[in-house]
Amino acid sequence: MAALTGNLTVNGDRLWDSLMEMAKIGPGIAGGCNRQTLTDEDAEGRALFKSWCDAAGMTMGVDTMGNMFMTREGTDPDALPIYVGSHLDTQPTGGKYDGVLGVLGALEAVRTMNDLGIKTKHPIVVVNWTNEEGARFAPAMLASGVFAGMHTQDYAYARTDLDGKSFGDELARIGWKGDEEVGARKMHAYYELHIEQGPILEAEGKDIGVVTHCQGLWWLEFTLTGKEAHTGSTPMPLRVNAGLAMSRILEMVQEVAMKNQPNAVGGVGQMRFSPNSRNVLPGKVVFTVDIRTPDQAKLDAMRAEIETRGAEIAAELGVGCSVEAVGHFDPVTFAPDLVSNVRNAAERLGYSHMNIISGAGHDACWAARVAPATMVMCPCVDGLSHNEAEEISPEWAKAGTDVLLHAVLESAVIVE
Ligand code: GLV
Ligand code: MN
Ligand code: MN
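Rules used in this analysis
Residues numbered from 1 in each chain as written. Chains lettered and ligands numbered in written order. Predicted model: local features only at pLDDT ≥ 70, side-chain atom pairs only at ≥ 80, totals over all residues. Heavy atoms only, no water. Near = heavy atom within 4 Å. Polar contact = N/O pair within 3.5 Å; in protein donor to acceptor, adjacent residues only side chain to side chain. Axes fitted to C-alpha atoms, helices over the stretch in contact; angles between N-to-C directions. Helix = DSSP H or I, 4+ residues; strand = E, 2+ residues; numbered from the N terminus. Parallel < 35°, antiparallel > 145°, perpendicular 65-115°, else oblique. Left-handed = near helix turned anticlockwise from the far one by under 90°. Contact = heavy atoms within 4.5 Å. Nonpolar A, V, L, I, M, F, W, Y, C, P; charged D, E, K, R; others polar. Donors = N, O, S within 2.8 Å, 3.2 Å for Na, K, Ca; no water. Buried < 20%, exposed > 50% of the residue type's maximum accessible area, 1.4 Å probe, protein only. Disulfide = S-S within 2.5 Å. Phe/Tyr/Trp six-rings, centres within 6.5 Å; stacked < 30°, edge-to-face > 60°. Lys NZ or Arg CZ within 6 Å of the ring centre and 35° of its normal. Core = buried A, V, L, I, M, F, W, Y, C linked by side-chain atoms within 4.5 Å.

## Some details on the site of ligand 1
Stage number 1. Near ligand 1 the following residues occur: Glu-132, Glu-133, Trp-219, Arg-292, Ala-360, Gly-361 and His-386.
Stage number 2. Note that an oxygen atom of ligand 1 is positioned 2.7 Å from one of the backbone N or O atoms of Gly-361.
Stage number 3. For ligand 1, an oxygen atom lies 3.4 Å from a polar atom in the side chain of His-386.

Now the structure itself:
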């Protein structure tokens, strides 16, 4: 009978080969990936993942949000499954590992169990959640959010991309709208392996991040209404300049984040000027403020201050201002028992480790609402992520996946 000893490890070469194969689908323009959710490339990536799961003897269920659940049977028909996964979708200029490592690491764990003839009491379900990134359809972690009952499916289906295409239509178009009721599945536990997406583990020289918490977030979409007018002939005092209001609000967001140091961030990643013509003052500017901190009180206070001061800045310039919250989750505390499983696994395997708080959002944050959940992190070079140059070493990927395998087996209970 296989035992949880330091000798039980995954096949790092096979894992790396799979990561590189997946990265060929939806290649970026600078060595990374553009496999945004519900695109043809997403469909192609899903099909490749399914073919690998088929070869590993797993059976597939797909829910009405397109979440893919690949099951490796357990020995006890009454035991709830251990869910393990992440996401295969990427940012428009994304890396090869954000999300993908968590899905293919989970698959590698199953492949290793197959190689060694390991049987578990609980089934193991490898998950690919739809639209984790929120790049094409806000908010992030949309489908795991519906699964956990945080959003309705109607809300999710109605989300639109910048071209006005809806999530629901695009899900049907790529052929991955399943028939399982979303959220009907019950989990015994949920684990997610992910690259850190920040600089801490590399700087500290640690192989493994034992993830205890995830910081909370608000995405605040500002719509500023100015007056379209000629940029050359309109005198300065007559301008109703929504672009100027936006720039002052950006400065204010920076100031609010800095005032709340340490452990708070704020910035703007997306903006749209309308009509976006060089010599027209914008009539409308839409942009999204992203603020995050692990401290609930700070998060709420930052949101309130940004909304109040944003409205004041716009009013001073005679610009209309409305704010819609398009993404939110409160700070998350992961399940202590599962966190211990991860720490014990790192110890057993001889990997250096430290506790860490996730700076990015993850499907695990929503899974934690419906099941005991936690995460495993590995370092990434220079902490760089959401960038095509995102990089990890094969050794880091293997270490993270070894720890994932052990933690999952601890929960799934080896029977043979
Ligand atoms: C998801 O990638 C996030 O924005 O943290
Ligand atoms: Mn991710
Ligand atoms: Mn991401």
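## Describing the packing of helix α2 (residues 40-55) against helix α3 (residues 100-116)
Stage number 1. For the pair α2 and α3, interaxial distance at closest approach is 10 Å and the crossing angle is 15°. Between α2 and α3, the crossing angle belongs to the class labelled roughly parallel. Judged by the sense of rotation from one axis to the other, the crossing of α2 with α3 is left-handed. Here α2 contributes Phe-49, Trp-52 and Cys-53 to the contact with α3, which in turn contributes Val-103, Leu-104, Leu-107 and Arg-111.
Stage number 2. Residue classes in the contact of α2 with α3 are distributed as six nonpolar, no polar and one charged.

## Concerning the coordination of the manganese ion (ligand 3)
Stage number 1. Around the manganese ion (ligand 3), the donor atoms from the protein are Asp-98 (OD), Glu-133 (OE), Glu-133 (OE) and His-386 (NE2), and they sit 2.1 to 2.3 Å away.
Stage number 2. Donor residues for the manganese ion (ligand 3), ordered by position in the chain, follow D-x34-E-x252-H.
Stage number 3. Taken as a pair, the manganese ion (ligand 3) and the manganese ion (ligand 2) lie 3.6 Å from each other and share Asp-98 as a ligand. Of this pair, Asp-98 sits in the loop between β3 (82-86) and α3 while Glu-133 sits in the loop between β4 (124-128) and α4 (142-147), and the two are 35 residues apart along the sequence. Each of the two residues, Asp-98 as well as Glu-133, counts as buried.

## Things to note about the coordination of the manganese ion (ligand 2)
Stage number 1. Surrounding the manganese ion (ligand 2) are the protein donor atoms His-87 (NE2), Asp-98 (OD) and His-194 (NE2), at 2.0 to 2.3 Å.
Stage number 2. A relative accessible area of 0% places His-87 in the buried class.
Stage number 3. The class of His-194 is buried, set by a relative accessible area of 1%.

## Some points on the state of the cysteines
Stage number 1. Scanning all chains against the criterion turns up zero disulfides.
Stage number 2. Cys-380 provides the cysteine sulfur closest to Cys-378, a residue in no disulfide bond, and the two sulfurs are 7.4 Å apart.

## Remarks on the packing of aromatic side chains
Stage number 1. Following the criterion strictly, the structure yields 10 aromatic pairs and no others.
Stage number 2. Taking the centre distance of 6.2 Å and the plane angle of 55° together, the rings of Trp-129 and Tyr-190 count as tilted. Of this pair, Trp-129 sits in the loop between β4 and α4 while Tyr-190 sits in strand β5 (residues 189-195), placing them 61 residues apart in sequence. Tyr-190 carries the same exposure label as Trp-129, and that label is buried.
Stage number 3. Taking NZ or CZ as reference, Arg-303 lies 3.9 Å from the ring centre of Trp-218, over its face.

## Some remarks on the nonpolar core
Stage number 1. Phe-49, Leu-104 and Tyr-191 are the most contacted members of the largest nonpolar core, which totals 105 residues.
Stage number 2. A per-element tally of this core places helix α12 (residues 394-412) first, with 10 residues.
Stage number 3. Excluding residues within four positions of it along the chain, Tyr-191 makes contact with Ile-82, Tyr-83, Val-84, Gly-85, Leu-338, Asn-341, Val-342, Thr-374, Leu-404, Ala-407, Val-408 and Ser-411.
Stage number 4. Core analysis: the second largest hydrophobic core is formed by 22 residues, Ala-245, Leu-299, Ile-306 and Val-319 among them.

## Structural notes on unusual backbone geometry
Stage number 1. In the segment running from Ala-138 into Pro-139, the intervening peptide bond is cis, with an omega of 0°.
Stage number 2. Within the secondary structure layout, Pro-139 lies in the loop between β4 and α4.
Stage number 3. Residue Pro-275 is bonded to the preceding Ser-274 through a cis peptide linkage, with omega at 10°.
Stage number 4. Of note in the backbone geometry, Met-141 takes a positive phi value of approximately 55° without being a glycine.
Stage number 5. Residue placement: Met-141 occurs in the loop between β4 and α4.
Stage number 6. With relative accessibility at 1%, the residue Met-141 sits in the buried group.

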